[in-house]
Every structure is written in C-alpha cells, then in structure tokens.
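A closer look at the structure
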Amino acid sequence: MVIGITGGIGSGKSTITKQLCKMGYAIYDTDSEAKRLIVEDITVRQQIEQLLGKEVYADGVYQTALVAQRVFADKSLLAQLNAIVHPAVKADILRWVHTINHSTPCFVECAILYQAGFDALCDVVVVVTAPEEIRIERVIARDYSSIDRVRARMRAQNTEQDILRADWVINNDGKTPIPTLCEDIIHHILQ
C-alpha cells in the first residue's frame, strides 16, 4: 500500500514522515529525490540546460537560487521546469515502489502531491494540517524567513483543496505527540 503524505508549508509533514521512518516504514521524500534527479539524471539535466541555459549548472553544481529567481518570476518557465522534473520524479517513485517490501505500507511525502499528479500513485492520501499561526512560527524558526514571505508562500499553496480531496486529515497542532499521530495514521489505514 502506498500512502501519500501532503500538507502546506509548516504543517509538519516532514516531521511525521521522519517519525514513520523511525518506526521502520519506507519513505520517499519527493523534495530530496527531485534534487537528486536534477543533478544525477542526465536527461533531466540536459532538458533543464536547454530550458534555462548551461549556467544553471555552473561548475557542475545546480544553481538553485538562480533557477528559483528565473522560474518564480515567470510562471511559464516554472510550468516548463515542472514538466521536466515531475515526470522524472513520478517514474522514480514507480521504480522505488517496485523495490520495497510490500508487506507494510510505504509513504510518499510531497508538498504538491495533487498538483504534480502523484496522488494517482497512492492508494490513500493523508493531509497534515496545523493552525496558520503555528505553521508560521515553524517556518520562521526553520528558515529564518520573514512573516511576509511565509504568508506569501502559504497563499501560493492551495491546501484547502487538498483537504477536500484527502482520504484522511490529521491536525498536527503540537498538542498530540508525533508518535501518537503516526500510530493514528497506521491504525486508520490498516483498519
């Protein structure tokens, strides 16, 4: 069984999946795997260079800040970059799913699970939520971002639609210990 874990920035989805990993479950973190593919997958790399120029791999190093500056200023470029990266990640998820033990659930963590179409690979989708003020505090503490930047990133995400589409929603407001939330997820999925 493949379970998607998604949620808005600062909701705690990574904290949940880290705990699930400690509990012995296989986790596919789309953020880190996308970064790996951008560097290691020659086809992805060539397509990105063709789209954005060879300077985005200056001295063989992917220039994240330069790419972000370009694509977030031009939604068309962002869509084209996503059209390169998302299919590569989707194929990688499918490869990963075929290599793991299928006697226990496995998890795919992705902030943009629905937007990238990765929900189609999941049997169940869990959305992690938290009150806005808690999410803001978490992101500021983690990224040292300004409150305005955090709010802008939150507005750019469509978490309300994700909640409506989810199979199950958990509230990570800090009142329930993370291990208990993870046990609740497992219990809910396996019943």
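Residues numbered from 1 in each chain as written. Predicted model: local features only at pLDDT ≥ 70, side-chain atom pairs only at ≥ 80, totals over all residues. Heavy atoms only, no water.

**Section: the packing of aromatic side chains**
Under the defined criterion, the tally for this structure stands at 3 aromatic pairs. Residues Tyr25 and Phe107 carry aromatic rings whose centres are separated by 5.7 Å and whose planes lie at 85 degrees to one another, so their mutual orientation is edge-to-face. Here the residue Tyr25 occupies a position in the loop between helix 1 (13–22) and strand 2 (26–29), and Phe107 occupies one in strand 3 (residues 106–109), the gap between them amounting to 82 residues. The same class applies to Tyr25 and to Phe107, which are both buried. (Phe/Tyr/Trp six-rings, centres within 6.5 Å; stacked < 30°, edge-to-face > 60°. Helix = DSSP H or I, 4+ residues; strand = E, 2+ residues; numbered from the N terminus. Buried < 20%, exposed > 50% of the residue type's maximum accessible area, 1.4 Å probe, protein only.)

**Focus on unusual backbone geometry**
Despite not being glycine, Asp59 has its phi angle at roughly 55 degrees, a positive value. Within the element layout of this structure, Asp59 appears in the loop between helix 3 (42–52) and helix 4 (64–71).

**Details of the pairing of strand 3**
Of the two faces of strand 3, the one carrying Cys106 and Val108 and the one carrying Phe107 and Glu109 are both buried. Across 4 bridges, strand 1 (residues 2–6) lies against strand 3 in parallel orientation. Opposite Gly4, over in strand 3, you have Val108 as the bridge partner. (Pairing = 2+ DSSP bridges.)

**Describing the sheet that holds strand 5 (residues 168–171)**
One open sheet holds the 5 strands; their spatial order is 2-3-1-4-5, and the pairing between them is parallel. Whereas interior strands pair on both sides, the edge strands pair on one side only; in this sheet they are strand 2 and strand 5. In this sheet, adjacent strand axes meet at a mean angle of 25 degrees when their direction is disregarded. Sheet contacts for helix 2 (residues 30–40): strand 2 and strand 3; angle to strand 2, the most-contacted strand, approximately 60 degrees. In the packing of helix 9 (residues 178–190) onto the sheet, contacts are made with strand 1, strand 3, strand 4 (124–129) and strand 5, and the angle to strand 5 comes to roughly 165 degrees. (Axes fitted to C-alpha atoms, helices over the stretch in contact; angles between N-to-C directions. Contact = heavy atoms within 4.5 Å.)

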